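Residues per chain, in single letters:
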Amino acid sequence: MRLFAALWPPPTAVEELDREVAALQELPDAAALRWTRPANRHVTLSFYGEADERARADLTARLGRAAHRASGPVPMRLAGGGRFGDHTLWTGIRQEAPERDALRKLAAATTAAGRRAGLLPADAPPSFRPHLTLARARGRALGVDLRPFVAGLEPFRGSGWRAGELLLIRSVPPTSGVPGEQPYYEPLARWPLGEGPGR
């Protein structure tokens, strides 16, 4: 099973973002991009890749402890935009310094949990870059210029929200063979941040 740790925005934040995305989808070349479904939009803290049941159980226990040690819910705000090369369009996470530190510490704790569970290499450099993916360019769409989409996102400032739960997610790949079909994300466990070991 393919696993990752994430924070999920509330419906109000997703709805605000959807309005921005709808405007972006009117731009030239928008139809060539693969846009993430609103229900799939999340902030990845650590991606672990394939895991067997033993590693999953170990990771689950370690993530529960990491959530318990967190300082509490993390204030966040979706804002602006950017791109990773010519293949990924995203919106950013706007925070003040204390909240930014709390988010980075939580991401580091989820990465450490993955290392100790044997899912990440011990010498892997930190790779957390706070963002929420909106669209990807693949195949023929790799030639699409993402800069106009980034410019369109520049004025976006979403409402503030508090990420109160850490989630362990299983990514279930598409099976229908239909082009453009997206994975299904199945929550395997969730824990309140800083409020005990969770459930």
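Below is a summary of the structure that appears in this document. Every value quoted in this text rests on a predicted model; they were computed, and no experiment measured them.

## A short note on the pairing of strand β9 (residues 165–172)
Along any regular strand the residues' side chains alternate between the sheet's two faces.
Piece 1. Where strand β1 (residues 2–7) and β9 come together, 5 bridges link them in antiparallel fashion. Residue A6 lies in a different strand from β9, and its bridge partner there is L167.
Piece 2. Bridging between β9 and strand β10 (residues 184–192) involves 8 bridges; their strand directions are antiparallel. Residue pairing across strands places S171 opposite Y185, the latter belonging to β10.

## Topic: the sheet that holds β9
Piece 1. The antiparallel open sheet is built from 4 strands, whose spatial order is β3-β1-β9-β10. Edge positions in the open sheet fall to β3 (43–50) and β10, since each of these has one partner strand only. Across the sheet, the axes of successive neighbouring strands diverge by a mean angle of 20 degrees, strand direction being ignored.
Piece 2. In this fold helix α3 (residues 97–116) packs onto β1, β3 and β9, with an angle of close to 10 degrees to the strand it touches most, β3.

## A word on the pattern of salt bridges
Piece 1. For the coordinates displayed, the defined rule picks out 7 salt bridges.
Piece 2. In this structure, R62 engages D58 in a salt bridge whose closest nitrogen and oxygen atoms are separated by 2.9 Å. A residue pair is termed a helical-turn pair when its members lie 3 or 4 positions apart in one helix, as R62 and D58 do in helix α2 (residues 53–69) at 4 residues.
Piece 3. On the accessibility criterion, D58 (22% relative accessible area) is partly exposed.

The rules behind the values
Residues numbered from 1 in each chain as written. Predicted model: local features only at pLDDT ≥ 70, side-chain atom pairs only at ≥ 80, totals over all residues. Heavy atoms only, no water. Pairing = 2+ DSSP bridges. Helix = DSSP H or I, 4+ residues; strand = E, 2+ residues; numbered from the N terminus. Axes fitted to C-alpha atoms, helices over the stretch in contact; angles between N-to-C directions. Contact = heavy atoms within 4.5 Å. Salt bridge = Lys/Arg side-chain N within 4 Å of Asp/Glu carboxyl O. Buried < 20%, exposed > 50% of the residue type's maximum accessible area, 1.4 Å probe, protein only.

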